[in-house]
Amino acid sequence: MTNSSLPVVTEASYLTLHYRLASQAGDDIVSTFKASPATLQFGMGQLAPFLEKCLLGLPEGTHQTFDLAPEQAFGPRNPDLVQRVSRATLKQNSQLGHEYRIGDLVDFAAPGGGKFAGVLREIDEESALFDFNHPLAGQQVQFEVKIIGIL
């Protein structure tokens with residue numbers, strides 16, 4: 001079979017693949033290479049849109065690594081997403097008696113019933129400082145993929 005007759009990834013593809021997302025230093029964030037491959041339907045939110053964009057047009061059998069700048073991945077850090085939250089708001093989003101530590105990831109109720117999360121950076125008697133940026137915002141990441149099958 002020649003490369004021109006191999007199926008390629010389209011916006012309607014079902015894929016079986018191995019993938020790895022790693023930090024710039026090469027530390028795995030998520031990887032399927034040492035486990036079962038992933039099977040997913042393209043465009044259904046199972047992979048982030050910027051990762052799907054890397055896959056479009058690749059033929060079955062491709063094993064490729066992409067180095068993604070922050071703007072291509074989780075975006076730049078936004079200083080406006082580092083915000084103070086009152087202790088009353090924190091208490092509303094807590095289990096009774098919960099003690100917080102710097103670095104804790106805390107879920108908050110969003111208007112409309114959704115949730116969003118922030119990392120606790122500081123806390124005092126009056127308020128707490130949370131970083132609501134994605135943990136990988138501002139970082140270059142590496143995306144490795146091996147496309148096993150395309151339907």
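Further up the page is the structure itself.
Quick summary incoming for the structure in this document. Just so we're clear, the structure is a prediction, and the values are computed from it rather than from any experiment.

1. Some points on the packing of aromatic side chains
Argument step 1. One pass over the full model with this rule turns up 7 aromatic pairs.
Argument step 2. Seen in terms of ring centroids, Phe 108 and Phe 116 are 5.7 Å apart; in terms of plane orientation they differ by 20 degrees. Their pairing is stacked.
Argument step 3. Phe 108 sits in the buried class, given a relative accessible area of 4%.

2. Regarding the pairing of strand β6 (residues 105-109)
Argument step 1. Residues Val 106 and Phe 108 point to one face of β6 and are all buried, whereas Leu 105, Asp 107 and Ala 109, pointing to the other face, are not buried.
Argument step 2. Pairing analysis gives 5 bridges linking β6 to strand β7 (residues 115-123), with the strands arranged antiparallel. Its bridge partner lying in β7, Ala 109 is registered against Lys 115.
Argument step 3. Turn length for the β6-β7 hairpin, with the two strands adjacent in sequence and antiparallel, is 5 residues, and the turn residue Gly 112 shows positive phi of about 90 degrees.

3. Looking at the sheet that holds strand β8 (residues 127-131)
Backbone-to-backbone hydrogen bonds join strands into a sheet, with any given pair of strands oriented parallel or antiparallel.
Argument step 1. As summarised here, the arrangement of the 4 strands in space is β5-β8-β7-β6, forming an open sheet in which the pairing is antiparallel. Edge strands, defined here as strands with exactly one partner in the open sheet, are β5 (82-86) and β6. Direction aside, the axes of adjacent strands within the sheet are offset by 45 degrees on average.
Argument step 2. Bridge count between β7 and β8: 4 bridges; the pairing is antiparallel. Residue pairing in the sheet places Leu 120 in a bridge with Phe 130 of β8.

4. Remarks on the nonpolar core
Argument step 1. Core analysis: the biggest nonpolar cluster contains 23 residues, and Leu 15, Leu 17, Leu 55, Leu 68, Phe 143 and Val 145 have the highest contact counts within it.
Argument step 2. Counting only elements with at least two residues in this core, the list comes to β1 (14-23), β3 (38-41), α1 (49-55), β4 (63-68) and β9 (141-150).
Argument step 3. Grouped together as the second largest cluster of nonpolar side chains are 9 residues, Leu 90, Val 106, Phe 108 and Leu 120 included.

5. What to know about the pattern of salt bridges
Argument step 1. Scanning the entire structure with this criterion turns up 5 salt bridges.
Argument step 2. Notably, a salt bridge pairs Arg 121 with Asp 131, separated by 3.8 Å at the nearest N-O pair. With Arg 121 in strand β7 and Asp 131 in strand β8, this residue pair connects regions lying 10 residues apart in the sequence.
Argument step 3. Relative accessible area serves as the criterion here: at 3%, Asp 131 is assigned to the buried category.

Calculation criteria
- Residues numbered from 1 in each chain as written.
- Predicted model: local features only at pLDDT ≥ 70, side-chain atom pairs only at ≥ 80, totals over all residues.
- Heavy atoms only, no water.
- Phe/Tyr/Trp six-rings, centres within 6.5 Å; stacked < 30°, edge-to-face > 60°.
- Buried < 20%, exposed > 50% of the residue type's maximum accessible area, 1.4 Å probe, protein only.
- Helix = DSSP H or I, 4+ residues; strand = E, 2+ residues; numbered from the N terminus.
- Pairing = 2+ DSSP bridges.
- Axes fitted to C-alpha atoms, helices over the stretch in contact; angles between N-to-C directions.
- Core = buried A, V, L, I, M, F, W, Y, C linked by side-chain atoms within 4.5 Å.
- Salt bridge = Lys/Arg side-chain N within 4 Å of Asp/Glu carboxyl O.

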